Structure formats: structure tokens, C-alpha cells
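So you can see what is in the structure, the chains are spelled out below.
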Amino acid sequence: MSNSNLTRRGVLKTGAIASAGFALPTIFTASSAAAYMNEPTGGSVTLGFNVPQTGPYADEGADELRAYQLAVEHLNGEGDGGMLNTFSSKELTGEGILGKKVEFVTGDTQTKSDAARASAKSMIEKDGAVMITGGSSSGVAIAVQGLCQEAGVIFMAGLTHSNDTTGKDKKANGFRHFFNAYMSGAALAPVLAARYGTDRKAYHLTADYTWGWTQEESIKAATEALGWETVNAVKTPLAATDFSSYITPVLQTDADVLVLNHYGGNMVNSLTNAVQFGLREKQVNGRNFEIVVPLFSRLMARGAGENIKGILGSTNWHWSLTDEGSQAFVKSFGTKYGFPPSQAAHTVYCQTLLYADACQRAGTFNPCGVVEALEGFEFDGLGNGKTTYRAEDHQCFKDVLVVKGKDNPTSEFDLLEVVEVTPVDQVTYDPEHPMFAGGNLGQCNAG
């Protein structure tokens, strides 16, 4: 069903309400608003959790599912409430969403765009999901975000780091809490220059899809601006498991830094191969050879083992943060599962709460009401400090962490050390920045 009366900002005006100190958007009421896709009619509402349960990012997907299930429990009033207790918005009370019990269905993206779209389509058409969330690959996230825009449901992106998700491929129905490749470069490059010098020569190995491309572009731009030279940049297949043939050519250059624009199992394998080839013991240009992993997580650090020690990178969030929200989430997650959550778990838990809260504040599940409630929304209490969902591109802006592999970890979970919390102002960019050009949010679609 199309509804020409609904636009990205132009919802039917029925008056504004105010609660918890927020200026709330106008809302839809049953009597004034036309039907929208998968409008809940019973006592429950269904969310679709679409994650990689197989493939190179399956570890991230498993942790995302754990966090999604925890979020549903908290929304339904079960457990200790987690970050509902620390969230600056106080609309969520453990009574579901708008009085409806939260239920969910799951799908396996397989880290493949076609499979991800198919599972999301099934959840929307067969299961009645009113919102789709998830993903640990930007290629998948962009594909599913496009599908949700076409179908008329909200997409709350999970782990997706490509600039394109909220750049050239942004959509009115899509929102991203996770940081992006530009932010990694802006946070990481000054630390790299301070520790390794400003006259380094870098060789990039890059996952050959949207995330890898924009990560390489971002790190190259940020490091070259500080004096680094890029010797070469080579694309590698996402399906690759042995990177030996890509490591050998590095030894034949005068590069003294290897930048691994890889994630998940790809990063574990490429880093392992690099160490096996002796790069960490090598000296070039009179200095120690260094390896950099621009984006990594505790799950990847665990997979890499000893090889991760001392390696610098960036991360969206880490369980060692001491703010009230982070520790509330760590406690809830750890009590339920027996170990601390990953950054993937954190971002999808936050996305679920942010969606539910937007519905509460808007007084509707109608996607256009949710869009208006999220655009420009400022909040705190979910980790990473004060955060804004920028209206122009639906990207969250918050502090970014620079981390390194711990030299002397105390447990299998204590693998990363936060070396710098980069303030949000340092990673903020203009919506028209060239790396994000070419996209248009368009109008919200209610189905």
C-alpha cells in the first residue's frame, strides 16, 4: 500500500505531546492515519533479527542474537532491565512497546546480500515483522536497508562500518548506531602518527566489497594527511581464508606498515599469515615493521590470540568502559551468558531500545512516525557518552575508541586496552563530505 500523505517529515498533524523533557514529534492515531505495513493488530509486535549465523562473520552474528534476545527480555519487563535503567529517555517501562509484547523471528544472512534480502523479505511478508535489524557486513546491511525502504518498514542497522551505509546508499527508513570508516580514520590516524611517526610507508590489504573500499579510502586519506605514503593497496576476496599469496608481495616492497582492512575471520586469517611470514619481527627503513587493523573487536582478538598483542585499531564500544550504561549492559549480558558482550552485541542492543523508544515517543509503529522521532534525537546512558542521531543522514555521532591488543591479558576476555577515547567533535564531518556524497535519503515509506 502506498500512502502519498506520508513523507519523511510530513506526517499527519494531530498535535504535539511532550514527555521526559523531549519535544516529541507529531503522532499518528488510529482514527487519522491510514494503515501501514504490518501494523500490529493483536497483543504483540514482531521484530526481525537478521544476522550471519554462518559464514566469515558468524561469531559476530551469534553475539548479536544474544543481545537481541536480551533486549527483548528487558523490553518485556524480564531480567534486571539493563540499559533501560540508564537510558536518558524514560519512555520504556518494561511493558513491551506501546503496550504490546515484543516477539521476534530470526534469519541467517550467510554474509551474502541475496540471502540476507531473502530472509528479510520472508520476515516482513510471512512473519509480519514491523522492523528489521541486524547484519555484520556492510554489503548485507546496504542490501537489506534498500529492501526495507521498498517494503515500508524500518531498518535499524547492526554492525555495518562502510561509509556508504549512511552515505551514498542512505535511506529514509534506515538508521545506523555503529560508527563508520571515516570515524575510524579520524580517530586512529593521529595515534598512529604519534606512535609510529609521520613518514611511514603503508601497504593495504582490503576486503573487496563496500566496507573494505571505504575503510581503505578513509585510512589512506587520514594517514596521508599526516605524512604517510601509500605504497600499494590490494583487494582480497571476502571468501578468502588463506592470505599467504597476498602477504608475499609485501616483503618485496619498502613498506614498513601493513594495514589489514579485514574483519571477522578474514582478519584473523590474514593477521595469522602476516605473523607467520615474520612481518612483526621484520625491520624496514631502519624501524620496526608494524601491522594495523583499523577495525577490530574482542571476538576477533580472541580468534587472533597472541598475534593481536600490541596491534592498534578502533572499535565502536568496549565492555571495559566504566560509564553507568555500559556497565549495566555488561552486568545483564554477563549474568545471562557468562561472558562480556562484544561491540556487535552492544550496538544491536542499543538499536532495539532506540527503535522501541522512538515508537513510544511517536505513539505509533508507523515508520514515518518512527523516522521523525529518531531524526535529530539526542540521548545518553547507552555507552559512548552523549549521542545524536543526525537528521541529515541517520548516522549516530558519539565518542570513538582507539584500542590495542593487550600485551598481558588477564583472561580470554581481557584482550583489548582502550588507549584513547576520541571525542565526538574529532570524528564529526559535514553531511556533504566527499566520502559520503551522492546519496539522498528520499522520503519515508510506510508501505
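Refer to the structure presented above.
The following paragraphs examine the structure supplied in this document. If you're wondering where the values come from, they're calculated on a predicted model, not measured in any experiment. (Residues numbered from 1 in each chain as written. Predicted model: local features only at pLDDT ≥ 70, side-chain atom pairs only at ≥ 80, totals over all residues. Heavy atoms only, no water.)

## Some points on the packing of helix H10 (residues 343-362) against helix H11 (residues 367-374)
Angle between the axes and distance between the axes are the two parameters that describe a pair of packed helices. Between H10 and H11, whose axes approach to 8 Å, the crossing angle comes to 105°. Regarding the angle of H10 to H11, the classification is roughly perpendicular. Contact residues: H10 offers Leu354, Tyr355, Ala358, Cys359, Arg361 and Ala362, while H11 offers Gly369, Val370, Ala373 and Leu374. The residue inventory of the contact of H10 with H11, partitioned by class, reads eight nonpolar, one polar and one charged. (Axes fitted to C-alpha atoms, helices over the stretch in contact; angles between N-to-C directions. Helix = DSSP H or I, 4+ residues; strand = E, 2+ residues; numbered from the N terminus. Parallel < 35°, antiparallel > 145°, perpendicular 65-115°, else oblique. Contact = heavy atoms within 4.5 Å. Nonpolar A, V, L, I, M, F, W, Y, C, P; charged D, E, K, R; others polar.)

## Details of the sheet that holds strand E14 (residues 312-315)
The seven strands are arranged E9-E8-E10-E13-E14-E18-E19 in an open sheet whose pairing can be described as mixed. Of all strands in the sheet, those with a lone pairing partner are strand E9 (229-236) and strand E19 (416-422), marking the two edges. Pairwise comparison of adjacent strand axes, ignoring direction, gives a mean angle of 20° for this sheet. Here two bridges tie strand E13 (residues 290-295) to E14, and the two strands are oriented parallel to one another. Pairing of Leu295 across the sheet is with Ser314, part of E14. (Pairing = 2+ DSSP bridges.)

## Thoughts on the nonpolar core
Inside soluble globular proteins, nonpolar side chains tend to come together where they are buried. Core analysis: the largest hydrophobic core is formed by 113 residues, its most contacted members being Leu258 and Tyr355. The leading source of residues in this core is H10, at 12 residues. Setting aside its immediate chain neighbours within four residues, Tyr355 contacts Leu47, Ile97, Val130, Met131, Ile154, Met156, Phe365 and Val370. Ranked by size, the runner-up nonpolar core spans 16 residues in total, among them Ala129, Ala141, Cys148 and Ala157. (Core = buried A, V, L, I, M, F, W, Y, C linked by side-chain atoms within 4.5 Å. Buried < 20%, exposed > 50% of the residue type's maximum accessible area, 1.4 Å probe, protein only.)

All quantities given are derived from atomic positions and should not be read as evidence of function.
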